[in-house]
Structure formats: C-alpha cells, structure tokens
Amino acid sequence: MAIRKIITEPDPILRIKSELVKKVDGEIKSLMKDMLETMYAAPGIGLAAVQIGVHKRVVVMDLAKDDSPKNPMYFVNPEVIWKSEKKSIYEEGCLSLPKQFAEIERPEECHIKYLDFEGKERILKAEGLVATCIQHEIDHLNGVLFIDYLSKLKKSFIIKKLKKAKKENEEVHTIF
Ligand code: ZN
C-alpha cells in the first residue's frame with residue numbers, strides 16, 4: 001500500500017470523466033487499498049480515484065467516528081438508481097479543495113448500485129451523511145466538484161484562493 005498525492009483544484013485532471021471498471025482484479029484492489037490509505041492519512045471520509053489522478057470509477061469511504069473501529073467502504077462503478085425528492089443540506093469539504101467548505105443541498109436519500117471489493121454487485125440504500133458523501137464522490141467520477149453548485153462569484157472566489165495557496169506552496173518548495 002502507498003500514500004498517493006492528492007490532486008487539488010484548479011487542475012484539469014479533476015474535470016476528466018472517469019471510465020467504467022471492466023473487472024475488479026488485483027490492480028483495482030491495490031488501487032482501492034492505496035486510496036484508503038491516502039484518505040486516512042489526509043484525513044478525509046471519502047476519496048475518488050480521479051483525486052489521485054486515476055480515471056477509473058472507484059470510490060472509497062469511511063464514515064466511522066474517530067473513536068469507533070474503522071469501517072472502510074469500497075465502491076466500483078457506483079451509480080445512483082434512485083434518489084429522494086426530499087433534500088438535505090450539509091456543509092461539505094473536499095480533499096481536492098483544501099480548507100474550503102460550503103453548504104450544499106442534495107437528495108437526502110439515494111440508492112446506489114455498485115460492485116464491492118470482491119466485484120460482487122450490491123445495492124446501498126443510503127441516507128444522511130452516507131448519501132451526501134457517496135453523491136459527492138460520484139460527482140468526482142463525472143468531473144464535478146461541490147463548488148460547481150455555488151454561484152459563479154463564490155466559485156471564482158474559492159478558485160482564486162486555491163490558486164494563491166498553490167502558488168505559495170510552490171514558492172516554499174523552491175527555497176533551499
Ligand atoms: Zn471531494
């Protein structure tokens with residue numbers, strides 16, 4: 001297992017649509033393990049493969065609280081097959097948008113069809129934070145970030161801040 005570099009906005013890599021996984025083989029399993037390790041180290045509660053630069057429809061999540069045992073969830077080719085009319089609002093963050101948060105409205109419940117770690121087809125009936133998180137991650141697979149739901153003004157403000165932070169980071173790294 002290895003910790004991979006998380007790609008942050010603005011970066012065109014994050015906007016590329018991820019491809020369907022044909023088979024959950026050893027390569028995909030080791031990708032999922034790397035993703036989980038990267039997510040725990042960040043730390044975060046969800047990560048899509050595109051965030052480490054791999055354009056495959058793979059997501060990992062773990063919503064266990066800090067004092068609870070780990071509860072890794074693996075989703076290959078996740079797809080929303082039903083969503084509720086009722087919406088809920090959560091303050092979302094994203095490992096690709098460091099230190100940025102915004103209240104985003106999404107369907108409160110959704111049903112997700114996916115393949116698990118062993119490649120077995122499953123259905124998840126999600127609600128609350130799980131539903132929000134999996135919808136956020138599926139957006140990543142389609143090249144969508146939560147800032148896309150904000151007004152143009154708010155979005156450009158956040159991107160400007162991230163650009164500035166990136167530049168400052170680069171400057172730090174070039175000083176010897
Ligand atoms: Zn994210």
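Residues numbered from 1 in each chain as written. Predicted model: local features only at pLDDT ≥ 70, side-chain atom pairs only at ≥ 80, totals over all residues. Heavy atoms only, no water.

Enquirer: An account of the coordination of the zinc ion is requested, with residue identities and associated values reported.
Expert: Protein ligation of the zinc ion involves Cys94 (SG), His136 (NE2) and His140 (NE2), the donor distances falling in the range 2.1 to 2.3 Å. Motif for the zinc ion, donor spacing along one chain: C-x41-H-x3-H. Within this pair, whereas Cys94 is found in the loop between strand E4 (87-92) and strand E5 (102-107), its partner His140 is found in helix H2 (residues 128-141), the two being separated by 46 residues in sequence. Accessibility classification places Cys94 together with His140 in one group, the buried group. (Donors = N, O, S within 2.8 Å, 3.2 Å for Na, K, Ca; no water. Helix = DSSP H or I, 4+ residues; strand = E, 2+ residues; numbered from the N terminus. Buried < 20%, exposed > 50% of the residue type's maximum accessible area, 1.4 Å probe, protein only.)

Enquirer: Could you give an account of the pattern of salt bridges, naming the residues involved and the relevant values?
Expert: Counting across every chain of the model gives 11 salt bridges. Lys29 serves as the salt-bridge partner of Glu118, at 3.2 Å between the closest nitrogen and oxygen. Placement of the pair is Glu118 in the loop between strand E6 (109-115) and strand E7 (121-127) and Lys29 in helix H1 (residues 26-41), with a sequence separation of 89 residues. Residue class for Glu118 comes out exposed when judged on its relative accessible area of 57%. As a salt-bridge pair, Glu168 and Lys164 come within 4.0 Å of each other at their nearest N and O atoms. Of the two residues, Glu168 and Lys164 are both situated in helix H3 (residues 152-174); the distance of four residues between them amounts to about one turn of the helix. What makes Lys164 exposed here is its relative accessible area of 54%. Salt bridges here are not isolated pairs; linked through shared partners, they connect Glu9, Arg15, Asp148 and Lys155. (Salt bridge = Lys/Arg side-chain N within 4 Å of Asp/Glu carboxyl O.)

Enquirer: Explain a nonpolar patch on the surface to me, using residue names and the numbers behind them.
Expert: On the surface, Ile81, Trp82 and Ile123 cluster together to form a nonpolar patch covering roughly 290 Å² of accessible area. Looking at where Ile123 falls in the secondary structure, it is placed in strand E7. (Patch = residues over 30% accessible without salt bridge, like charges linked within 9 Å, V, L, I, M, F, W, Y side chains within 5 Å. Areas by Shrake-Rupley, 256 points an atom, 1.4 Å probe, with all protein chains shown as cover.)

Enquirer: Could you give me a rundown of the side chain of Glu9, with the residues and numbers involved?
Expert: Its place among the elements puts Glu9 in the segment before H1. Classification of Glu9 by relative accessible area gives buried; the value is 5%. Engagement of the side chain of Glu9 in a polar contact is seen with the side chain of Arg15, the distance being 3.4 Å. Those residues in contact with Glu9 that lie beyond four places of it in its chain are Leu14, Arg15, Ser96, Leu97, Leu145, Ile147, Ile159, Leu162 and Lys166. (Polar contact = N/O pair within 3.5 Å; in protein donor to acceptor, adjacent residues only side chain to side chain. Contact = heavy atoms within 4.5 Å.)

Enquirer: Talk me through unusual backbone geometry; I want residue IDs and the actual numbers.
Expert: The step from Glu9 to Pro10 runs through a cis peptide bond, and the omega angle for that step is -5 degrees. Relative to the helices and strands, Pro10 is located in the segment before H1. Here the phi dihedral of Asn77 falls at roughly 50 degrees; this positive angle occurs in a residue that is not glycine. With respect to the helices and strands, Asn77 occurs in strand E3 (residues 73-83). For Lys99, which is not a glycine, the phi torsion comes out positive at approximately 65 degrees. In this structure, Lys99 sits in the loop between E4 and E5.

Enquirer: Describe the packing of aromatic side chains, listing the residues and the values that go with them.
Expert: As enumerated under the stated definition, the model contains two aromatic pairs in all. Aromatic side chains Tyr74 and Phe117 sit 4.7 Å apart centroid to centroid with 55 degrees between the ring planes, which places their arrangement in the tilted category. Here Tyr74 is found in strand E3, whereas its partner Phe117 is found in the loop between E6 and E7, with 43 residues between them in sequence. Overall, Tyr74 belongs to the buried group, its relative accessible area being 19%. Ring geometry for Phe75 versus Tyr114: centroids 4.6 Å apart, planes at 55 degrees, classification tilted. Placement of the pair is Phe75 in strand E3 and Tyr114 in strand E6, with a sequence separation of 39 residues. (Phe/Tyr/Trp six-rings, centres within 6.5 Å; stacked < 30°, edge-to-face > 60°.)

Shape descriptors only; they carry no functional weight alone.
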